[in-house]
Amino acid sequence: MIFVSLNVSANSESANNANNDNWADEWADEPPASPWQVTGFIEAAHGQFLQANVSQKSTSLSEVRARVNIDYSHELFDATGKLDSYYDHVLAKTIFQTRELSLSASPFSFVDIKAGRQVLTWGTGDYLFLNDLFAKDWQSFFSGRADEYLKAPSNSVRTNWFYKAVSFSLVWTPEFTSDNYINGERFSFYSPQVQQIIAPANGFSVEKNHKSQWSARLKTQLNNVEVALYGYQGYWPTPQGTKPSGLSSQVSSQYQSYFPKLNVWGVSATAPFKGGIFNAEYASYNSTEDNQGTNDMIANGQHRLLIGYERELAKNLTASMQYYLERTKHYQALKANSQTPDQRVAENRHLLTLRLHYRALRQTLTYSMFAFYSPSDKDGYLKPSINYQYNDQWLFSTGANVFFGRNDFSFFGQLENNTNAWLSARYQY
Amino acid sequence: MSIKLSYKMIKAIKHSHSLWLTLSLFLACQSHLHAEESTISAIKTTPINITNKTENLAVKNIIDRANLASYYAGEDGSAEARMIIVDENGNRQMRQFTILRKDVQDLGDQTMLVFFSKPSNVKDTVFRVEKQLQSDDNRWLFLPALDLVKRISAGDKRTSFVGSHFYYEDVSGRNPNEDNFSLDSEDGSTYTITASPKDPQSVEFNHYVVTIDKQNSLPIETTYYDHNDRAIRKMTVLQVQEIDGIATVVKSRITNLNNNSYTEMQFRNVKYNLGLPDSIFSERSMRTPPKAWLD
């Protein structure tokens, strides 16, 4: 009955309308939204190494995961919980992970506060991070988990201050949160100490660090250009230092990895340009425990520079390119003090990336290719994937992580035998 | 039920009759028409009388009024929207979102925030647009899972808006300077106008025919034709309501006539002239939605 009357006003458009009845008028009668919202998903994922690996595992990913998102909205604050529980067959254990457990509020008109466990992101790079030193999960990224998992949560207090068009963000993480770096439990890597690719089953010993880290950003928009200044005081997010373990007075052959101090400042700019988006970012990494670069056991400081451009090439096809430079600050000192100078990264590590993203079937089917290539390291990483959103509930994905390189010690080259293919099915509720 | 609805619609159309010059629809997403800013004062003060004008000017004025009615209602507005997307096999997807819009200038630039609430995989995703007539739109996307605000390139405006049959251009309006218009016919209640793109390579259609309601200036049906004069795509207004004295399309559909797949869009809780402050159209609102304006 309803659609008949609608069609009178709708110029007798009646084809295919019958199954539409239930959409006609009931929407306005919905009860007021509850302050509680529960969503989430259940996902099964499997990934396989495509060659023998010193980790002696054949699966790179094998898990069943349940996610529950709980949101509570109050007039004065919001509470959010995002809880993951999954059985990880690769590690043979059940893992509970809190991705978010936070309270957000705006106590004054000019400040927003979010406190608790949360994921934090800033900067302009695409899969490349200069001024974003918030925790990342490289194991998830290299195994084919959803992009969301590249960012790891930390327990932090974020305050955002606003004055006219300027915003200032200050993030305090009371206890340093490292990346979930490659440690052997899932993927193999090159050990400069033993000069070969290893995959210690239980990871390797890293000194814990409970000290705090600070991140800050000042951001504004000048005409059409978004500009930002960044600062970071904390530690290298991966264990870039090695020191003797145990008592320092003893001569010991035992060494332990740790997170050396790191201070970073940087700038970025983003602007529309010729129908696309141009971005540039710079960061100065100051490895303060090795200011002169003479200590082979601690990573040198770096200049990091990024230039990127993204635009739509054709309908539904978007491409983006990035040029990234990592320049070692005290290269001569590094080389002079290195025990393995021939295995050192080039003074200027160049990296090019290309992302192609094509959407078909009204955006339900997406083909994506992300490629890294370093002409200086002569290595690279291809990350193709296909996603099919069958309906509002079911998402099917497949992809691969292909690493290649001339040398075992280079950034991507060391991961060559971690090359894997994966697929996943997710039910969203 | 059907009687009540029809009555409401008739009432709405009658009421809107006297208001057609200054009032327009909130983000109706139905017309594909724009106008130049310079003509706005003329539209608002000069009644249209086709017999006294050259036809071209008359058509231009009709188009401008349609554009005003479709995309620039009030100074600002908010609405809840939902879309049902039905593919050729009858599979359905849904999108639900809330829109905040503010006009910088009537028939000119606009700024907009779109807060997605359903389905769960896009919940809390926020899309922000600064529509600019003189240059590419600025667009940003907030992805809550990554805490990432990403500036995105403007892109082809005739690509799907969030996977629906509505194009970005259907949502934000097609620039009238891209088409030539001619008045085909006119009856007691409607104008029928044919529009042909000035640059045929830039679009997937050869021309389109739009029927505009004389009383409220709303385009009520638009059909797109290919080079063989075959109808390929159709926008139909299914329901109009008067809200705050403004004739508002609250239900419409775009159908792909090649396979009869379609998207239907509904609005509810439509409000105009809220006095939205400029400051809420910012990155801050993407991370922290301005609750006061979203109820």
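Residues numbered from 1 in each chain as written. Chains lettered and ligands numbered in written order. Predicted model: local features only at pLDDT ≥ 70, side-chain atom pairs only at ≥ 80, totals over all residues. Heavy atoms only, no water.

### Focus on the overall build of chain A
In step 1: Along the backbone of chain A there are three helices and 22 strands.
In step 2: Viewed in the frame of its principal axes, chain A has a C-alpha envelope of about 90 × 55 × 45 Å.
In step 3: The proportion of buried residues among the 429 residues of chain A is 48%.
In step 4: For chain A, contacts bridging at least 24 residues in sequence account for 56% of all contacts bridging at least 6.
In step 5: When the accessible surface of chain A is totalled, it reaches about 20300 Å², and 58% of it is carbon and sulfur.
In step 6: Placing the 36 positive and 39 negative side-chain charges of chain A at their respective mean positions leaves the two points 7 Å apart. (Helix = DSSP H or I, 4+ residues; strand = E, 2+ residues; numbered from the N terminus. Buried < 20%, exposed > 50% of the residue type's maximum accessible area, 1.4 Å probe, protein only. Contact = heavy atoms within 4.5 Å. Areas by Shrake-Rupley, 256 points an atom, 1.4 Å probe, with all protein chains shown as cover. Lys, Arg positive; Asp, Glu negative; His and termini not counted. Charge placed at Lys NZ, Arg CZ, Asp CG, Glu CD.)

### Observations regarding the overall build of chain B
In step 1: Along its length, chain B carries five helices and 13 strands.
In step 2: A buried classification covers 60% of the 295 residues belonging to chain B.
In step 3: Look at the contacts in chain B between residues 6 or more apart in sequence, and 55% of them connect residues 24 or more apart.
In step 4: A total of about 11000 Å² of accessible surface is found on chain B, and carbon and sulfur atoms cover 50% of it.

### As for the pairing of strand E7 (residues 166-173) of chain A
All names here are of chain A.
In step 1: Every second residue of E7 is oriented toward a common face, the buried set being Ser167, Ser169, Val171 and Thr173 and the non-buried set Val166, Phe168, Leu170 and Trp172.
In step 2: With seven bridges joining them, strand E6 (residues 154-163) and E7 adopt antiparallel strand pairing. Its bridge partner being in E7, Tyr163 is matched across the sheet by Val166.
In step 3: Between E6 and E7, which pair antiparallel one after the other, the connecting turn spans two residues, and Lys164 there sits at a positive phi close to 50 degrees.
In step 4: When E7 meets strand E10 (residues 213-222), the two strands line up antiparallel, connected through seven bridges. Looking at the pairing, Leu170 lines up with Ala216 of E10. (Pairing = 2+ DSSP bridges.)

### Quick word on the packing of aromatic side chains
In step 1: Considering all chains together, one arrives at 45 aromatic pairs over all chains under this definition.
In step 2: Judged by centre distance (5.2 Å) and plane angle (40 degrees), the ring pair of Tyr208 of chain B and Tyr224 of chain B falls under tilted. Highlighted residues: Tyr208 of chain B in strand E9 (residues 207-213) and Tyr224 of chain B in strand E10 (residues 219-225), separated in sequence by 16 residues. Each member of the pair, Tyr208 of chain B as well as Tyr224 of chain B, carries the same accessibility label: buried.
In step 3: It is Arg355 of chain A that lies over the ring of Tyr127 of chain A; its NZ or CZ is 4.8 Å from the centre.
In step 4: The ring of Tyr262 of chain B has Arg253 of chain B sitting right over it, with the charged end atom 4.9 Å from the ring centre. (Phe/Tyr/Trp six-rings, centres within 6.5 Å; stacked < 30°, edge-to-face > 60°. Lys NZ or Arg CZ within 6 Å of the ring centre and 35° of its normal.)

### Here's the deal with the pattern of salt bridges
In step 1: Summed over the entire model, instances satisfying the criterion amount to 50 salt bridges over all chains.
In step 2: Ionic pairing is found between Glu283 of chain B and Lys219 of chain A, a salt bridge with its closest N-O pair at 2.5 Å. Pair noted here: Glu283 of chain B is in helix H5 (residues 283-287) and Lys219 of chain A is in strand E10, and the two residues belong to different chains. Both residues of the pair, Glu283 of chain B and Lys219 of chain A, belong to the buried class.
In step 3: Here Asp64 of chain B ties to Lys60 of chain B by a salt bridge, and the two come within 3.2 Å at their closest N and O atoms. Taken together, the positions of Asp64 of chain B and Lys60 of chain B, both in helix H3 (residues 55-71) and four residues apart, correspond to about one turn of that helix.
In step 4: Taking the relative accessible area as the measure of exposure, Asp64 of chain B reaches 0% and is therefore buried.
In step 5: Connected through shared salt-bridge partners, Glu63, Arg65, Arg67, Asp84, Asp88, Arg99, Arg145, Glu148 and Arg186 of chain A make up one network. (Salt bridge = Lys/Arg side-chain N within 4 Å of Asp/Glu carboxyl O.)

### Some remarks on the interface of chain A and chain B
In step 1: Chain A puts 69 residues into the contact, and the matching count from chain B is 70 residues.
In step 2: In this structure, Asp147 of chain B and Arg158 of chain A form a salt bridge, with 3.4 Å as the shortest nitrogen-oxygen distance.
In step 3: One can count 27 residue pairs in polar contact (both at pLDDT 80 or more) joining chain A with chain B.
In step 4: Ranked by the residues each element gives to the side of chain A that touches chain B, the list is headed by helix H1 (residues 2-9) of chain A, at four residues.
In step 5: In terms of residue class, the side of chain A that touches chain B is made up of 21 nonpolar, 26 polar and 22 charged. (Polar contact = N/O pair within 3.5 Å; in protein donor to acceptor, adjacent residues only side chain to side chain. Nonpolar A, V, L, I, M, F, W, Y, C, P; charged D, E, K, R; others polar.)

### Things to note about the domain arrangement of chain A
In step 1: Segmentation of chain A into domains returns domain 1 (1-30) and domain 2 (37-428).
In step 2: Distance from the C-alpha centre of domain 1 of chain A to the C-alpha centre of domain 2 of chain A: 49 Å. (Domains from an automatic or database assignment.)

### Observations concerning the environment of Asp408 of chain A
Residues and elements named next belong to chain A.
In step 1: With respect to the helices, strands and loops of the structure, Asp408 is situated in the loop between strand E21 (394-405) and strand E22 (420-428).
In step 2: Overall, Asp408 belongs to the partly exposed group, its relative accessible area being 44%.
In step 3: In sequence terms Asp408 and Gln195 are 213 residues apart; their C-alpha atoms lie 9.1 Å from each other.
In step 4: Those residues in contact with Asp408, other than ones at most four positions away along the chain, are Tyr190, Ile197, Gly413 and Gln414.

### Side note on unusual backbone geometry
In step 1: Here the amide bond leading from Lys118 of chain B into Pro119 of chain B is cis, since omega sits at -5 degrees, within 30 degrees of zero.
In step 2: Position of Pro119 of chain B relative to the elements: it lies in the loop between strand E3 (110-118) and strand E4 (126-131).
In step 3: For Asn223 of chain A, which is not a glycine, the phi torsion comes out positive at approximately 55 degrees.
In step 4: Here Asn223 of chain A is to be found in the loop between E10 and strand E11 (225-235).
In step 5: Exposure remark for Asn223 of chain A: the relative accessible area of 76% places this residue in the exposed category.
In step 6: Backbone geometry at Asn260 of chain B places phi at a positive 60 degrees, although glycine is not the residue there.
In step 7: Note that Asn260 of chain B resides in the loop between strand E12 (246-256) and strand E13 (261-272).

### A closer look at the nonpolar core
In step 1: Formed by 34 residues in total, the largest nonpolar core has its most connected members in Phe142 and Phe372 of chain A.
In step 2: Secondary structure elements with two or more residues in this core: helix H2 (138-143), E11, strand E14 (261-273), strand E15 (276-286) and strand E19 (365-374) of chain A.
In step 3: It is H2 of chain A that provides the largest number of residues to this core, a total of three residues.
In step 4: Setting aside anything within four residues of it in sequence, one finds Phe372 of chain A in contact with Tyr127, Leu128, Leu351, Leu352, Thr353, Asp379, Gly380, Tyr381 and Phe412 of chain A.
In step 5: Ala73, Val114, Val129 and Ile152 of chain B belong to the second-largest nonpolar core, a separate cluster that totals 33 residues. (Core = buried A, V, L, I, M, F, W, Y, C linked by side-chain atoms within 4.5 Å.)

### What to know about H3 of chain B
In step 1: Helix length check: H3 of chain B, at 17 residues, gives a terminal C-alpha distance of 24 Å against a target of 24 Å (1.5 Å per residue), a fit within 8%.
In step 2: Burial within H3 of chain B is extensive, with 13 of its 17 residues counted as buried. (Expected span 1.5 Å × (residues − 1).)

### Considering the side chain of Arg101 of chain B
In step 1: Within the secondary structure, Arg101 of chain B sits in strand E2 (residues 92-103).
In step 2: A polar contact of 2.8 Å, which involves the side chain of Arg101 of chain B, links it to the side chain of Asp103 of chain B.

### Details of the confidence of the model for chain B
Residues and elements named next belong to chain B.
In step 1: In this model, chain B carries an average pLDDT of 83, and 82% of its residues clear a pLDDT of 70 or more.
In step 2: A low-confidence stretch, residues 1-50 (pLDDT under 50), is modelled with 165 contacts involving residues beyond four sequence positions or located in other chains.
In step 3: Of the two predicted TM-score estimates for the complex, the pTM is 0.87 and the ipTM is 0.89. (pLDDT = per-residue confidence, 0-100.)

### Digging into the confidence of the model for chain A
The predicted structure's coordinates, where accompanied by low pLDDT, should not be read in detail.
In step 1: Summary statistics for chain A give a mean pLDDT of 90 and a share of 91% for residues scoring 70 or more.
In step 2: This stretch, residues 1-22 of chain A, has a pLDDT under 50; its non-local contacts, to residues over four places away or in other chains, come to 44 contacts.

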